[in-house]
Amino acid sequence: MQHFDIDKVRKDFPILAETVYGKPLVYLDNGATTQKPQAVIDALVTYYSSYNSNVHRGVHFLSQKATDAEEAARRGVQQFINAAKEEEIIFTKGTTDSINLVAFSFAKRYIQPGDEIIISEMEHHSNIVPWQMACEERGAVLKVWRMDENGTLPLAELDNLLSEKTKILAVTWVSNTLGTVNPIAEIVAKAHAANVPVMVDAAQAIQHVPVDVQALDIDFLVFSGHKIYGPTGIGILYGKSAWLSDMPPYQGGGSMIKTVSFDGTTYADLPFRFEAGTPNVSGAIGLHAALQYVQAIGLDKIAAYEHELLQYAEAQLLTVPGLRFIGTAPEKSATHSFLIGNLHPFDVGELLDKQGIAVRTGHHCCQPIMDKFGIPGTVRASFSFYNTKAEVDALVAGLHKAVAMLS
Ligand code: PMP
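Residues numbered from 1 in each chain as written. Predicted model: local features only at pLDDT ≥ 70, side-chain atom pairs only at ≥ 80, totals over all residues. Heavy atoms only, no water.

**Q** How should I be thinking about helix α5 (residues 129-138) in this particular structure?
**A** Every α-helix winds through 3.6 residues per turn, so residues three or four apart in the chain are directed the same way. Residues of α5 that are buried include every one of P130, W131, A134 and C135, and no others. Relative to the axis of α5, the buried residues are bounded by an arc of 140 degrees and lie together on one face. Away from its buried face by more than 90 degrees, α5 exposes E136 and E137. Turning to α5, the residues buried within the fold contact α4 (95-110), β5 (116-120), β6 (141-145), β7 (166-172) and β8 (198-201). Directly after α5, the chain includes G139, whose backbone phi takes a positive value near 70 degrees. (Buried < 20%, exposed > 50% of the residue type's maximum accessible area, 1.4 Å probe, protein only. Helix = DSSP H or I, 4+ residues; strand = E, 2+ residues; numbered from the N terminus. Arc of directions from axis to C-beta. Contact = heavy atoms within 4.5 Å.)

**Q** For this particular structure, what's the right way to read the domain arrangement of the protein chain?
**A** How big an interface is tends to be expressed through the accessible area that disappears when the partners come together. Structurally, the protein chain comprises domain 1 (6-30 + 298-406) and domain 2 (41-295). Contact with domain 1, which involves 36 residues of that partner, is made by 31 residues of domain 2. At the boundary of domain 1 with domain 2, total buried surface from both sides reaches about 2,700 Å², with 59% on carbon and sulfur atoms. On the domain 1 side of the interface with domain 2, the three residues burying the most area are L299, I369 and K372, jointly 22% of the side's total. Summed over the shared surface of domain 1 and domain 2, the result is one salt bridge. Two residues, E149 and K372, come together in a salt bridge whose shortest N-O distance is 3.7 Å. If you list the elements that add at least two residues to the side of domain 1 that touches domain 2, you get α11 (299-317), β14 (335-340) and α13 (367-373). (Domains from an automatic or database assignment. Buried area = accessible area lost by both parts, 1.4 Å probe. Salt bridge = Lys/Arg side-chain N within 4 Å of Asp/Glu carboxyl O.)

**Q** So what exactly am I meant to see when it comes to the side chain of D97 here?
**A** With respect to the element layout, D97 can be found in helix α4. Although D97 is buried, it makes no salt bridge; K93 carries the closest opposite charge, 4.5 Å away. Filtering out sequence-adjacent residues up to four positions away, D97 remains in contact with T92 and Y250. (Lys, Arg positive; Asp, Glu negative; His and termini not counted.)

**Q** So what exactly am I meant to see when it comes to the site of the ligand here?
**A** Within the structure, the ligand sits among T95, T96, H124, S126, T172, N176, D201, A203, Q204, S224, H226 and K227. Interatomic distance of 2.7 Å between a side-chain N/O atom of S224 and an oxygen atom of the ligand. Looking at side-chain class alone, the shell around the ligand contains one nonpolar, nine polar and two charged residues. (Near = heavy atom within 4 Å. Polar contact = N/O pair within 3.5 Å; in protein donor to acceptor, adjacent residues only side chain to side chain. Nonpolar A, V, L, I, M, F, W, Y, C, P; charged D, E, K, R; others polar.)

**Q** Sorry if this is basic, but what is going on with the pairing of β6 here?
**A** The two faces of the sheet receive side chains in turn, since in a regular strand these alternate between them. Pairing geometry for β5 and β6, over five bridges, is parallel. Bridging from a neighbouring strand, S120 pairs with W145 of β6. The β-α-β motif built from β5, the intervening α5 and the parallel element β6 has right-handed crossover chirality. (Pairing = 2+ DSSP bridges. Right-handed = clockwise from strand over helix to strand, strands pointing away.)

**Q** What exactly am I supposed to notice about the packing of aromatic side chains here?
**A** When we look at a pair of aromatic rings, we describe it by the centre distance and by the angle of the planes. One pass over the structure, following the stated rule, counts 18 aromatic pairs. A centroid spacing of 5.9 Å and a plane angle of 85 degrees characterise the contact between F4 and F385, whose relative ring orientation is edge-to-face. Of this pair, F4 sits in the segment before α1 (6-11) while F385 is found in the loop between β17 (378-382) and α14 (389-406), placing the two residues 381 residues apart along the sequence. For the residue pair F4 and F385, the accessibility class agrees, reading buried in each case. Pairing F13 with Y229 gives two aromatic rings, centres 5.9 Å apart and planes at 70 degrees, and the pair type is edge-to-face. Of this pair, F13 sits in the loop between α1 and β1 (19-20) while Y229 sits in the loop between β9 (220-224) and β10 (235-239); the two residues are 216 residues apart in sequence, bridging distant segments of the chain. Three or more aromatic residues joined by ring pairs make a cluster, and in this case those are F4, F13, Y229, Y293, Y305, F385 and Y386. The lysine or arginine in question, K65, covers the ring of Y51, its NZ or CZ lying 4.9 Å from the ring centre. The aromatic ring of Y312 is capped on one face by K389, whose charged end is 4.9 Å from the ring centroid. (Phe/Tyr/Trp six-rings, centres within 6.5 Å; stacked < 30°, edge-to-face > 60°. Lys NZ or Arg CZ within 6 Å of the ring centre and 35° of its normal.)

Quick look at the structure:
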């Protein structure tokens, strides 16, 4: 596993040296949020200690410097996902905020009573509820693309769902619960053949898979800064300018206007028409630092390392008596969800916690997945490129201990 210098990488993340209950922290909850490298922490400290200012408003030095840094961050994101134009990058609060924006504005512009929206059965609640709300608002119908027992979405099934009534398909790239990597290129091709645009939830893909929105011809792509080693409270909506410039604003306020009078208001051009109010300037700057950090290591190397780690973890986890995986798709990324015999996931998670091992337990904001498998929740270990085989061994030893104590 000589993809990069793992010891050096781990030193870049100060929190990884922390102890929990006197034990070394083993952080395997990266699906929920990732830890931050010193470069990101430094970028935030530098911003607040030397050029904090509001953006796009002032003529003064600091305001210009902050504006330049925010707009450099936008170009950094553009380059990271290979968007054609920088105005196709909208700063939001996160994945959830981005999806709500698309669901609201796209539905308002394009969806009529009786139209259909397709989502998949493995979506995070944030890619379900906004579409349910849009359907309620517009009198549209939500269609669900069901998955197989192993947690894959059958492509043939999509053909049955797509129709002339379908207005948009919203689907996750990587499942936060099952780890399934969906074949986005094929999905987009099928949808486009039916004249249906695709919104891709990349919350669990952006940090694990190289993304090229032009090569994949993705219409909308959303992700959160905090899942790719950046700060919380910042996220991205990428949208093809042909769509975004035709959609009505999501929120009104300062910065998103051209002119305002009591007779009426005209809206700003992209990207600002979707960025009402003072933006999360520090968040954008921190996200930029995170993307630069990831690029310096290389997403190809990260993906290869994480793949090996995931395979190693799979083999080791299977040594735990009674362990069964929830989500056994052939293509998986960074996540193993599992149950052990009749043990409640919460009890397993608590015993791991006492050993310094952070995993997540519960429904992972995917209750329909739990319904599908008839389970209350899972234990989820989600990995990053800063995790090691030794940490996988610690998890497995911790599980053996938990089984001995709880059985
Ligand atoms: N979609 C997926 C697949 C996710 O994993 C998450 C976060 N768990 C979200 C959406 C929502 O992201 P956020 O809470 O950062 O808005």
